[in-house]
Amino acid sequence: MASRETPLLELRGITKRYGPVVALHKVDFSIGRGEVVGLVGDNGAGKSTLAKIIVGYHQPDEGEMYFEGRKVRFRSPADARKMGIEIVYQDMALVPYMSVYRNIFLRREITRGVGPFRVLDKERMRRVAVKLLEEIGIKRRDPDVEVGVLSGGERQSIAIARAVYFGAKLVILDEPTSALSVKETEKVLGYVSQLKEKGISIILISHNIYHVYSVADRIVVLDHGRKVLDVERNLVTPEDIIEVIAHRKSPEEVVRKLKA
Amino acid sequence: MPRRSRKGQAFTSTQIIAVIVVGIVALAVGFYAGRATAPEAAPAAGEAVTVTETVTSTVTTTVTMGEKREPEFTFYYISHGGPADPWWGPVIKGAELAGQMLGVKVVYQGPEKFSIKWLVDALQAASAAKPDGIIITITDYKALDEPLRKVIAQGIPVIAVNVPDPRPPDERIPYLGYVGQDEYQAGYKLAEYVIKWFKEKYGRLPKNAFIGIHEVGHVGLELRAKGIQDAFRDAGAPYVPEKLDITTDITKAYETMKSYLRANPDVEVIFTLGPLGAHPAMQLIRDEGLVGKVYVATVDLDDQILQGIKDGVVIAAVSQQPFAQGFLPVVYMYLYVKYGIVPPDHVPTGPTIITKELLGVVEKQIQTTGGA
Amino acid sequence: MAPSQLKRLLLIPLKYREVGVVTSIIVFAGIFYYLNEQFASPDTLASIATLAAELGIIAVGVSFLMIAGEFDLSVGAVFAASSMLAVWMLNNGYSFPEAVIAALGLGAAVGLANAAVTLIGRIPSFIATLGMMWMIRGVLLAITKGFPMRLEVEVPELSIFSAPIAGDLRVSAVWFLALAGVFHFILVSTAFGNWIQAVGGSPATARALGVNVNLVKTVGFVVSGMSAALAGLIAMSRFKVVEPVAGVGLELEAIASAVIGGCSLTGGVGTVAGAALAAFLVSEIRTGLILAGAPAYWYIGFMGFLLIVVGIINLRVGKVGVRYG
């Protein structure tokens, strides 16, 4: 596969320590264009640390990162954002008291006028917002509605759409489906598949293996800061993954089963 | 990892330094400005040694006479009035001067903000210092009853000042005597004078009047207001001057009184209970061109109010002589401690009605004592 | 279809958080006019505007900061300190521009100090500015020994702050309107305004999206301090005297105005226009009660009642408006 040869993002031998605690130990990770990778593991496995390193919030102590084949070092989330990497957190993606369009354009406002007299171009921002709401499939296409009254799934989708609109090639979703209803979850995961078709790469961090399993191309399992499994989804069952996470089955067993 | 340790500790050194720097800058500014503007602390700076200590919520002023002379006695002067109220400035001055003249150490203590609890605490602290006498305002006779009786039982003489224990003599706290005025009388006498003045000038009572009260619920001010109202009742006026909450904010006081005048255009006299009310009232009358039509009558004096009396904006002001309230109790305490002279039950310091005729004398008083 | 559209149309005003305060202004105007026809006179309105100006200017700064998610309890103390500094400088031969710049600069400096203690020291702004308030008051009382400070020189330029324009209407009312307009515009129609709302509404989100949260909040603190300094200058210019206790309680009145005007105590919600209108409402009630001949001691109790009622209205209306927005 072409995406295998020149991955969009590749991490080699990433190690991160917090004092004596080793959060990540020599982790290799890669994701291709248009690929959806599920990142799973128990609490404290290092999922969030890995995500934060990818988006430049933390810097690794050892290891290298390559984006589109070039070696990169992110000193801040802004650096990563410039390259097209964004993370969407479930509970803090949007400001609840602000309208949809204000949220979408937060920190990337469209303005007109000169110098200090720049004024928000609300009409243009509203038009874009309506277009995005349409794409996501939200029925109430009012860009002035406060985000706080939207459902969790709608909020999640708006945050993802915002990232993509501003040119994200890789979107990391941190627990996108926790606290969502079944119907809402389906919508969000449906939107993820839709983006995949557009060639957007997605890293899905979740506790819910079944949600991950339903959309991911590949699944990566972390355990105590080490990568213990990295397999094509088609080759395993969700139960295999759960057993590995719960330490009821060793990763080797799963791999052996694969070979057989 | 710096990020890690930052989370682990409550504060990093940068944070602590930032807070300290801000604090130092603020204090330095304050200190500099204090030196630049502080009024003369003692009248005879050459021979007197003046020590001023400031303790967070308390102002303590200690005065000793002469360069090396040991003070003969130590008196504590504890009041509910602190530096926030300029009325107490002459009191402090008067107490200090009496101390200097008699060779007595006077420790003045007043809270920054009115507080009965503070007063009781200060009394207890003072009695622990075993002074030769305590001079105190009986701002709340219930709260002070037990602690003061204890102090007196220990053999420390007590003189009441500014506010007496209002109960009959056989029930009240057995202090030696009271120096000060009667707040009710201050209001009553002021209104009585205004009524007399109107009768002489116009042959009638003022058509209407109101009382601007700047601290609602302050017992002293309410008593003054009641005195004014009762004087009008006793004079047979068809109305009783209404109380108006004008607050201590000068703009609010001004606009509130202006609205009241608009709603009640027949008002001829504005009673105020201190400079905080008198200043905006005088300005209102001048701004609105009402000089000679509406008059101010007020409790307490300062240079602005004197000017108002001169200009005919103010009919009269009542003085309860704060300087004397600082000076006299120290003298009476000295006479008692040194010679065994028991002070009279009540030494009145006011009310004195200040009118145009007395201006010359009073001006001298303001210059020398800083207030009246 | 028709009824639902009508319902929508009727609910449009509820989208605006100022609706509670505007309704109150109108209702009270009606009541006060009924009680005393003089309430509708230009003089009375001018009087209300003058009274509203000082509180209103402070409320503009305080609400701006509250929307950014922080409190400023030091505004009353800054009100006194800055005007006292100006008086002292004018009395000591400094020029008018120097004195004004110094006074506003003091307001800005206190704002910066509040920001430093709150943001670097990580102490809640409620506590940080409460401490600042006491520190400033303490310094003022210690310096003045409680005596008011009087302006001893003639400074004709002071008229730019509070001279009468027409009848009883004063320049201060113009300052108030202009500032309320400018800051409302900044909040609603500029990118920075967007950041203010975001920082107050959810600092974590704002930070994640690249907003410099500390910078935005610092600007808010400085605006709050400077607005208090300007209000102090206005009061001083009119009465030529500053009491060390001037402005005591103004901080709470300003916060009350902001809340009546639709601001949330937790930040992110509210408008500057709402706070400004609320300052007008507070002054309207003060003046109206006097004209109506109500016992004067009722005012403060009435304000408390109003704060609670409008607070509830804002909460309910805010929810309804959002739902049908």
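What counts, and at which threshold
Residues numbered from 1 in each chain as written. Chains lettered and ligands numbered in written order. Predicted model: local features only at pLDDT ≥ 70, side-chain atom pairs only at ≥ 80, totals over all residues. Heavy atoms only, no water. Helix = DSSP H or I, 4+ residues; strand = E, 2+ residues; numbered from the N terminus. Buried < 20%, exposed > 50% of the residue type's maximum accessible area, 1.4 Å probe, protein only. Contact = heavy atoms within 4.5 Å. Areas by Shrake-Rupley, 256 points an atom, 1.4 Å probe, with all protein chains shown as cover. Rg over C-alpha atoms; globule rule 2.2 N^0.38 Å. Lys, Arg positive; Asp, Glu negative; His and termini not counted. Charge placed at Lys NZ, Arg CZ, Asp CG, Glu CD. Expected span 1.5 Å × (residues − 1). Polar contact = N/O pair within 3.5 Å; in protein donor to acceptor, adjacent residues only side chain to side chain. Salt bridge = Lys/Arg side-chain N within 4 Å of Asp/Glu carboxyl O. Nonpolar A, V, L, I, M, F, W, Y, C, P; charged D, E, K, R; others polar. pLDDT = per-residue confidence, 0-100. Phe/Tyr/Trp six-rings, centres within 6.5 Å; stacked < 30°, edge-to-face > 60°. Lys NZ or Arg CZ within 6 Å of the ring centre and 35° of its normal. Patch = residues over 30% accessible without salt bridge, like charges linked within 9 Å, V, L, I, M, F, W, Y side chains within 5 Å. Core = buried A, V, L, I, M, F, W, Y, C linked by side-chain atoms within 4.5 Å. Axes fitted to C-alpha atoms, helices over the stretch in contact; angles between N-to-C directions. Parallel < 35°, antiparallel > 145°, perpendicular 65-115°, else oblique.

*Asks:* Sorry if this is basic, but what is going on with the overall build of chain B here?
*Replies:* The helix and strand inventory of chain B stands at 12 helices and 14 strands. Here chain B holds 372 residues, and the buried ones make up 53% of them. Within chain B, residue pairs in contact and separated by at least 24 positions form 71% of the contacts whose partners lie at least 6 positions apart. Accessible surface for chain B amounts to roughly 16400 Å². Of this, 57% is attributable to carbon and sulfur atoms.

*Asks:* Which parts of the structure should I look at to understand the overall build of chain C?
*Replies:* Counting secondary structure elements, chain C contains 14 helices and four strands. The C-alpha atoms of chain C give a radius of gyration of 20 Å, which matches the 20 Å a tight globule of 325 residues would have. Judged by the C-alpha coordinates and their principal axes, chain C covers about 75 × 55 × 30 Å. Across the 325 residues of chain C, 58% fall into the buried class. Nonlocal contacts in chain C, meaning residues at least 24 apart in sequence, comprise 79% of its contacts between residues at least 6 apart. Taken as a whole, chain C presents about 12500 Å² of accessible surface, with 74% of it coming from carbon and sulfur. Distance from the positive charge centre (17 side chains) to the negative charge centre (15 side chains) of chain C: 16 Å.

*Asks:* Can you walk me through helix H6 (residues 183-202) of chain B in this structure?
*Replies:* Residues that lie three or four places apart on an α-helix share one face, since the helix turns once every 3.6 residues. Residues and elements named next belong to chain B. The first and last C-alpha atoms of H6 sit 28 Å apart over 20 residues, in line with the 28 Å expected at 1.5 Å per residue. Those residues of H6 that fall on the buried side of the exposure criterion are Glu 183, Ala 186, Gly 187, Tyr 188, Leu 190, Ala 191, Tyr 193, Val 194, Ile 195, Trp 197 and Phe 198. Buried residues in H6 make contact with helix H7 (219-234), strand E10 (267-272), strand E11 (295-299), strand E12 (314-319) and strand E14 (352-354). If you check the start of H6, you find a side-chain oxygen 3.0 Å away from the backbone N of Tyr 184, and it comes from Asp 182. Of the residues trailing H6, Gly 203 is marked for its positive phi of about 75 degrees.

*Asks:* Would you explain the environment of Asp302(B) in this entry?
*Replies:* Within the element layout of this structure, Asp302(B) appears in the loop between E11 and helix H10 (303-311). Sequence-wise, Asp302(B) and Ile366(B) are 64 residues apart; in three dimensions their C-alpha atoms are separated by 7.2 Å. The contacts of Asp302(B), once residues within four sequence positions are left out, are Pro275(B), His279(B), Ile366(B) and Arg150(C). Of the polar contacts made by the side chain of Asp302(B), one reaches the side chain of His279(B); its length is 2.8 Å.

*Asks:* Would you take a moment to explain the interface of chain B and chain C for this structure?
*Replies:* Often, the extent of an interface is quoted as the loss of accessible area on bringing the components together. Taken together, the contact between chain B and chain C spans 51 residues of the former and 45 residues of the latter. When the shortest N-O distance is used, the salt bridge between Lys252(B) and Glu253(C) registers 2.5 Å. At the junction of chain B with chain C, the criterion picks out eight residue pairs in polar contact (both at pLDDT 80 or more). For the side of chain B that touches chain C, the secondary-structure elements that each account for two or more residues are helix H2 (13-37), helix H3 (88-102), strand E9 (242-245), helix H8 (250-263), helix H9 (275-287) and H10 of chain B. The residue inventory of the side of chain B that touches chain C, partitioned by class, reads 22 nonpolar, 14 polar and 15 charged.

*Asks:* Any chance you could explain the confidence of the model for chain C here in plain terms?
*Replies:* Regions with low pLDDT carry predicted coordinates that are not meant to be interpreted in detail. All names here are of chain C. The pLDDT averaged across chain C works out to 89; a share of 92% of its residues lies at or above 70. Element-level pLDDT for chain C is lowest in helix H1 (residues 2-11), with a mean of 63, against a maximum mean of 97 in helix H5 (residues 96-120). Overall, residues 321-325 carries pLDDT values under 50, and its contacts beyond four positions in sequence, including any with other chains, amount to 11 contacts. Here the predicted complex carries an ipTM of 0.85, next to a pTM of 0.78.

*Asks:* Before we go on, may I ask you to explain unusual backbone geometry in this structure?
*Replies:* That bond from Gly350(B) to Pro351(B) is cis: its omega, 0 degrees, falls within 30 degrees of zero. Following the sequence through the fold, Pro351(B) ends up in the loop between strand E13 (346-347) and E14. Even without a glycine there, the phi angle at Lys26(A) is positive, about 45 degrees. Position of Lys26(A) relative to the elements: it lies in strand E2 (residues 21-31). A positive phi angle, close to 75 degrees, is found at Asp300(B), a residue other than glycine.

*Asks:* Is there a simple way to think about the packing of aromatic side chains in this case?
*Replies:* Two aromatic rings, taken as a pair, are described by how far apart their centres are and by the angle between their planes. As enumerated under the stated definition, the model contains 26 aromatic pairs over all chains in all. Residues Phe32(C) and Phe39(C) carry aromatic rings whose centres are separated by 5.4 Å and whose planes lie at 45 degrees to one another, so their mutual orientation is tilted. With respect to class, Phe32(C) is no different from Phe39(C); both count as buried. Where Phe161(C) meets Trp175(C), the ring centres are 6.0 Å apart and the plane angle is 35 degrees; that geometry is what we call tilted. Linking Phe161(C) in helix H7 (residues 159-162) with Trp175(C) in helix H8 (residues 171-189), this pair joins segments that are 14 residues apart in sequence. A relative accessible area of 3% places Phe161(C) in the buried class. Among the residues examined, Trp175(C) registers a relative accessible area of 29% and is labelled partly exposed. An aromatic cluster is present here, built from Phe73(B), Phe75(B), Tyr334(B) and Tyr339(B) joined pairwise through their rings. Looking at Arg108(A), its charged tip hangs above the ring of Phe166(A), at a distance of 4.1 Å from the centre. The ring of Tyr213(A) carries Arg233(A) above its face, with NZ or CZ at 5.1 Å from the centroid.

*Asks:* Would you take a moment to explain a nonpolar patch on the surface for this structure?
*Replies:* Residue and element names in this part refer to chain C. A cluster of nonpolar side chains, namely Val 27, Ile 31, Tyr 34 and Leu 35, defines an oily patch on the protein surface of about 440 Å² accessible area. The topology assignment puts Ile 31 in helix H2 (residues 19-35). Residue Ile 31 is classed as partly exposed on the basis of its relative accessible area, which comes to 39%.

*Asks:* I tried to follow the nonpolar core on my own but got confused; where do I start?
*Replies:* Generally speaking, soluble globular proteins have nonpolar side chains that are buried together. Judged by nonpolar contacts, the single largest core of 96 residues is most densely connected at Ile58(C) and Ile285(C). When sequence neighbours within four positions are dropped, the list of residues in contact with Ile58(C) reads Val75(C), Phe79(C), Ser227(C), Ala228(C), Ala231(C), Leu250(C) and Ala254(C). Within the second largest apolar cluster, 52 residues are counted, among which are Ala163(A), Tyr191(A), Leu195(A) and Val231(A).

*Asks:* Explain the packing of H8(C) against helix H13 (residues 272-291) of chain C here, please?
*Replies:* For any two helices packed against each other, one specifies the inter-axial angle together with the distance between the axes. All names here are of chain C. One way to put it is that H8 packs onto H13 with a least axis distance of 8 Å and a crossing angle of 155 degrees. As far as their axial angle goes, H13 and H8 are roughly antiparallel. Contacts between H8 and H13 involve Phe 176, Ala 180, Phe 183, His 184 and Leu 187 on the former and, on the latter, Val 272, Ala 273 and Ala 276. The residue inventory of the contact of H8 with H13, partitioned by class, reads seven nonpolar, one polar and no charged.

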